[in-house]
Amino acid sequence: MNFIQYEQKGAIAVLTIAREKALNALNSQVLDEMDAAVDAINLDEVRCLIITGAGQKSFVAGADIGEMSTLTKAEGEAFGKKGNDVFRKIETLPIPVIAAVNGFALGGGCELSMSCDIRLASENAVFGQPETGLGITPGFGGTQRLARIIPVGKAKEMLYAGTKIKADEALALGLVNAVYPVEELLPAAEKLAGKIARNAPIAVRASKKAVNDGLQVSIDEAIAIEEKLFGSCFETEDQVNGMKAFLNKEKAPAFQNK
Ligand code: CAA
């Protein structure tokens, strides 16, 4: 792979978009490599994925404007589908995904971060959907996910006017969970990933599925989804051992993903 670095550190994996000269902009090759890297994740071992960008300036500065500049209508749709398919794969990955947003998260970069479960940002992070200033709409889910994460009026301002927001405003809006000095961002993401990885993996995955699936349906259907997933945990060894440890006043066990 030329533009994607992937490193597994025990139960945590870090996927880095490494096209630093173009501020990690997403061209077709980067998207194809990201797709292949996500497919190759060892889900028996990895319990949390972190996605970040190479360098200290940019997470991802958007889809590649040079590549998009000559697309036809049909090619534009296909390019949008390519990005959306990868991002949806990330969003529905069984394990949690943390975006460590280390700088510019514009256009496709903001969209990539929003397909992750949790966003942590560096102090120099800038979020925005500047596409209308280029004569296009966001194409990798930005019109849909932004308005689901932050207040709809602010999302519409960002989409129509291209207003960019810095890390502190993203924090105030709930777009990111926390902000760190740039050199502390990845360690903080790894610390959070470690905390997630120590909890019972089947229960963590079921929690992700319950939230994501539940948000798409009525509250009654959503509660029914939770009931099924909750029930399924009682077939696991991790539930037996986790509760036994609590009742014996012992530390939580090393969960076995069984
Ligand atoms: N596509 C292609 N190349 C990009 C890029 C992008 N989205 N963003 C930055 N680059 C390239 C620049 O062309 C430049 O390349 P050269 O050195 O070869 O000239 C290099 O990265 C460094 O960029 P700058 O010199 O512009 O750096 P800067 O510090 O002056 O500015 C920036 C940084 C504000 C992020 C600016 O680069 C910028 O505005 N980038 C574009 C942001 C944008 O509009 N993103 C949305 C793209 S559309 C989209 O994403 C559609 C979608 O939803 C699918």
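Everything below is about the structure shown above.
Owing to the predicted nature of the structure, the values given are computational and were not obtained by experimental measurement.

Looking at empty space enclosed by the protein
- Counted by the stated rule, this structure contains one cavity of 30 Å³ or more.
- Of the pockets and cavities examined, the largest cavity occupies roughly 40 Å³.
- Taken together, R47, I95, P96, I196, A197, N199, P201, V204 and R205 make up the full set of residues lining the largest cavity.
- At three residues, helix α9 (residues 201–214) tops the list of elements feeding residues into the lining of the largest cavity.

A short note on the packing of α9 against helix α10 (residues 219–233)
- One can describe the packing of α9 onto α10 by two numbers: an axis separation of 9 Å at closest approach and a directional angle of 170°. The angle between α9 and α10 falls in the class roughly antiparallel. Side by side, α9 and α10 meet where A203, A206, K209, A210, D213 and G214 of the first sit next to A222, I225, L229 and C233 of the second.
- The residue inventory of the contact of α9 with α10, partitioned by class, reads seven nonpolar, one polar and two charged.

Focus on the site of the ligand
- Looking at the ligand, there are 23 residues lining it, with K57, A63, G108, E111 and E131 nearest.
- A61 is positioned such that a nitrogen or oxygen atom in its backbone is 2.9 Å from a nitrogen atom of the ligand.
- Within the side chain of E131, an N or O atom sits 2.7 Å from an oxygen atom of the ligand.
- Relative to its unbound accessible area of 980 Å², the ligand is 61% covered by the protein chains.
- The set of elements that each furnish at least two residues to the shell around the ligand consists of α2 (65–68), β6 (104–106) and α4 (108–114).
- Residue classes in the shell around the ligand are distributed as 14 nonpolar, four polar and five charged.

Looking at the sheet that holds β6
- With mixed pairing, four strands are arranged side by side in an open sheet as β4-β6-β8-β9. Strand pairing shows two members of the sheet lacking a second neighbour, β4 (58–60) and β9 (165–166), which therefore form its edges.
- Judged from the two bridges that link them, strand β8 (residues 126–128) and β9 form a sheet pairing that is antiparallel. In the sheet register, F127 faces β9, and the bridge partner there is I165.

Rules used in this analysis
Residues numbered from 1 in each chain as written. Predicted model: local features only at pLDDT ≥ 70, side-chain atom pairs only at ≥ 80, totals over all residues. Heavy atoms only, no water. 1 Å grid on protein atoms, 1.4 Å probe; cavity = no way out; pocket = protein on both sides within 12 Å on 5 of 7 lines; lining within 4 Å. Points joined across faces, edges and corners; volume = space filled by probe spheres on them. Helix = DSSP H or I, 4+ residues; strand = E, 2+ residues; numbered from the N terminus. Axes fitted to C-alpha atoms, helices over the stretch in contact; angles between N-to-C directions. Parallel < 35°, antiparallel > 145°, perpendicular 65-115°, else oblique. Contact = heavy atoms within 4.5 Å. Nonpolar A, V, L, I, M, F, W, Y, C, P; charged D, E, K, R; others polar. Near = heavy atom within 4 Å. Polar contact = N/O pair within 3.5 Å; in protein donor to acceptor, adjacent residues only side chain to side chain. Areas by Shrake-Rupley, 256 points an atom, 1.4 Å probe, with all protein chains shown as cover. Pairing = 2+ DSSP bridges.

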